[in-house]
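Coordinates in review
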Amino acid sequence: MSALRRKFGEDYQVVNTSRSMTFSAPVKRKRQRFVEKNGRCNVQHGNLGGETSRYLSDLFTTLVDLKWRWNLLIFILTYTVAWLVMASMWWVIAYIRGDLSSTGHDPSYTPCVANVYNFPSAFLFFIETEATIGYGSRYITEKCPEGIILFLFQSLLGSIVDAFLIGCMFIKMSQPKKRAETLMFSQDAVISQRDGKLCLMFRVGNLRNSHMVSAQIRCKLIKSRQTPEGEFLPLDQCELDVGFGTGADQLFLVSPLTICHEINTNSPFFDLSQRSLMNEQFEIVVILEGIVETTGMTCQARTSYTEDEVLWGHRFLPVMSLEEGFFRVDYSQFHNTFEVPTPPYSVKEQEEKSSLTSPNPVAIAPTLPSPLLGNRVGRRERLLSADHAEHPEDQASRLPSKLQRMSSTKEEHLWRALKTGTALPGGKASSTGDLSLSIQRFRSSSIPAVRHGQPEEQVKLLSLDLDADEGDLVKHRQPTAISTIGAATPAPVPFPSMGSRPEDNLPAKLRKMNADR
């Protein structure tokens, strides 16, 4: 106990779930179970009427499903009756032919079956023939054609009876029902948090060293309910998700595993709390299926948990430990649980509580129009806005292929600096004079130009009034003017003069190309 407290903390207390102990919880009247703890379904079929003949149509399955005492009784009676009937037929043949009388026969008389004088001798002859013992004193002769026909019929009938009864006994003995006895389920299921989510959990284990191939587990919730139309559904079956979508229901059952059902919005336990668990009536049926490794036959183990066997706020004790070169499983702690801190509320109540305590979303302030452009929001104002300005990559994509090859990384940085109004590295202001002459002409023809003012000249946004003269627009589209995109801020952007003419700011190579043109 001290070791467990050091491992799990002082607040945890080991709880023995044995039915011999008494709990402080109020004792509820034991109700009828749909599936027993050993997996037997507590259902009986009655008032079949004329449907009982269906059992005879599938006689082999009917014999296999019978209990062992009835199978043994049918096995013994079938062979006893068959032997008596066939022995009687041999005695009748001997009686008709007169082989039973011991006097009145000449030395040359040949009986049908030698040394058959009464019914016990006829019965022994049949047993010797059926079991192929053949002591040699009793045998059939060639002077008896009816005996030969009966002998053939006896051989065929014996083979059929042997195949049917021995096959039935073999199938019943090889049934994997007893393999399910070595598959264990925990006595109780628990509800606690795992990975921050409320989960219903139970434990399964395999006592044998042979594996269960393709082991799969399923869970059904058995609960009566009433539909919105007023129909009452007794023992309605609902599927519990134990990892079907993620593959967690496929088990590698070499050591005890804890099966987990996450309680969420799709779970039938979405509104189940610790308080409502005391008033609920349901039954959880667990079905474990797999192929027996030694026989290759499918085995199914079942158990069930009622609402009294679901412990809120508990967790299973670990049973695995590392020994010298192997892992050890302690099955003495297989059914034991310990208490853990668990909220007593349902998942539905927790989600409602979290939604009420969550902060309201912050409202997004609307974008105000620029004071430089006034209250008019039109197409031309949006064109001059920095948010709707075209990117230099979009503009460069419209250039001819030759001009695109002339563009360099430095020129792209100049485009961005010219658009945002930032200075170049080294303190130089960006201008179109630093670009190629062909790009200058393309840019000067696609956007409006600005006028030069005093020595401290500034770049200002052009007024796009609808009544502007076309001559002014043509004047501003001269290729020698310095063009730029208007910034979204109302303050003017300073643009220091680099020389008397824009061509003076070009590199020497570009100035020579311009002079040649």
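The structure presented is a predicted model; accordingly, all values stated were derived computationally and were not measured. (Residues numbered from 1 in each chain as written. Predicted model: local features only at pLDDT ≥ 70, side-chain atom pairs only at ≥ 80, totals over all residues. Heavy atoms only, no water.)

Describing helix α5 (residues 119-130)
- For α5, spanning 12 residues, the distance from its first C-alpha to its last is 16 Å, which sits close to the expected 16 Å at 1.5 Å a residue.
- Buried residues of α5: S121, A122, F125, F126, E128 and T129, and no others. The arc that holds the buried residues of α5, viewed along the axis, is 165°, so those residues lie on one side.
- Backbone geometry just downstream of α5 places T132 in the positive-phi region, at approximately 50°. (Helix = DSSP H or I, 4+ residues; strand = E, 2+ residues; numbered from the N terminus. Expected span 1.5 Å × (residues − 1). Buried < 20%, exposed > 50% of the residue type's maximum accessible area, 1.4 Å probe, protein only. Arc of directions from axis to C-beta.)

Points about the UniProt feature "transmembrane region" (unreviewed entry) in the protein chain
- As recorded in UniProt, the feature "transmembrane region" (unreviewed entry) lies at residues 72-93 and 148-171.
- For residues 72-93, the helix share is 100%, the strand share is 0%, and the end-to-end C-alpha distance is 32 Å.
- The distance separating the terminal C-alpha atoms of residues 148-171 is 35 Å; by composition the span is 100% helix and 0% strand. (UniProt positions renumbered as here; feature names shortened; annotations may be inferred.)

Details of the pattern of salt bridges
- Considering all chains together, one arrives at 11 salt bridges under this definition.
- Between R225 and D236 there is a salt bridge, with its nearest N and O atoms 2.8 Å apart. Of this pair, R225 sits in strand β5 (residues 212-226) while D236 sits in strand β6 (residues 232-240), and the two are 11 residues apart along the sequence.
- The exposure class assigned to R225 is partly exposed, which follows from its relative accessible area of 40%.
- Residue D236 is classed as partly exposed on the basis of its relative accessible area, which comes to 22%.
- Among the charged side chains, a network of salt bridges with common partners joins R33, K37 and E309. (Salt bridge = Lys/Arg side-chain N within 4 Å of Asp/Glu carboxyl O.)

Details of helix α6 (residues 145-173)
- Relative to the 42 Å expected for 29 residues at 1.5 Å per residue, α6 spans 42 Å between its end C-alpha atoms, a close match to the ideal helical length.
- For α6, the complete set of buried residues consists of G147, L150, Q154, G158, V161, L165, C168, M169 and K172.

Considerations on the side chain of S255
- Along the polypeptide, S255 turns up in the loop between β7 (250-251) and β8 (257-262).
- Apart from the residues lying within four places of it in its own chain, the contact partners of S255 are V204, M320 and V329. (Contact = heavy atoms within 4.5 Å.)

Considering the state of the cysteines
- Applying the stated rule across the entire model yields one disulfide.
- Between the sulfur of C112 and that of C144 lies a disulfide, 1.9 Å long from S to S. The sign of the S-S torsion, about -70°, decides the handedness of the disulfide formed by C112 and C144: left-handed. Of this pair, C112 sits in the loop between α4 (68-97) and α5 while C144 is found in the loop between α5 and α6, placing the two residues 32 residues apart along the sequence. Neither C112 nor C144 differs from the other in exposure class; each is buried.
- C199 forms no disulfide, and the closest cysteine sulfur to it belongs to C260, at a distance of 3.3 Å. (Disulfide = S-S within 2.5 Å.)

Section: the nonpolar core
- Core analysis: the biggest nonpolar cluster contains 35 residues, and I191, F202, V204, I217, F269, I284 and V286 have the highest contact counts within it.
- Taken together, the elements giving at least two residues each to this core come down to β2 (183-185), β3 (189-194), β4 (197-206), β5, β9 (283-292), β10 (298-306) and β11 (310-312).
- The greatest single-element share of this core, amounting to five residues, is contributed by β5.
- When neighbours within four sequence positions are excluded, F202 is seen to be in contact with S186, A189, I217, C219, L257, T258, I259, V286, Y305 and F316.
- Counting 13 residues, the second largest nonpolar core, distinct from the first, contains A87, W90, A94 and L150. (Core = buried A, V, L, I, M, F, W, Y, C linked by side-chain atoms within 4.5 Å.)

Quick look at a nonpolar patch on the surface
- On the surface, a cluster of nonpolar side chains totalling about 860 Å² of accessible area is made up of L56, L59, F60, W68, L72, F164, F170, I171 and M173.
- With four residues, the single largest contributor to the nonpolar patch is α6.
- We classify L59 as partly exposed; its relative accessible area is 38%. (Patch = residues over 30% accessible without salt bridge, like charges linked within 9 Å, V, L, I, M, F, W, Y side chains within 5 Å. Areas by Shrake-Rupley, 256 points an atom, 1.4 Å probe, with all protein chains shown as cover.)

Some words on the packing of α5 against α6
- α6 packs onto α5 with a crossing angle of 60° between their chain directions and a minimal axis gap of 11 Å. With respect to α6, the axis of α5 lies oblique. Handedness of the α5/α6 crossing: right-handed. Contact residues: F126, T129 and E130 in α5; F151, Q154, G158 and D162 in α6.
- When its residues are assigned to classes, the contact of α5 with α6 shows two nonpolar, three polar and two charged. (Axes fitted to C-alpha atoms, helices over the stretch in contact; angles between N-to-C directions. Parallel < 35°, antiparallel > 145°, perpendicular 65-115°, else oblique. Left-handed = near helix turned anticlockwise from the far one by under 90°. Nonpolar A, V, L, I, M, F, W, Y, C, P; charged D, E, K, R; others polar.)

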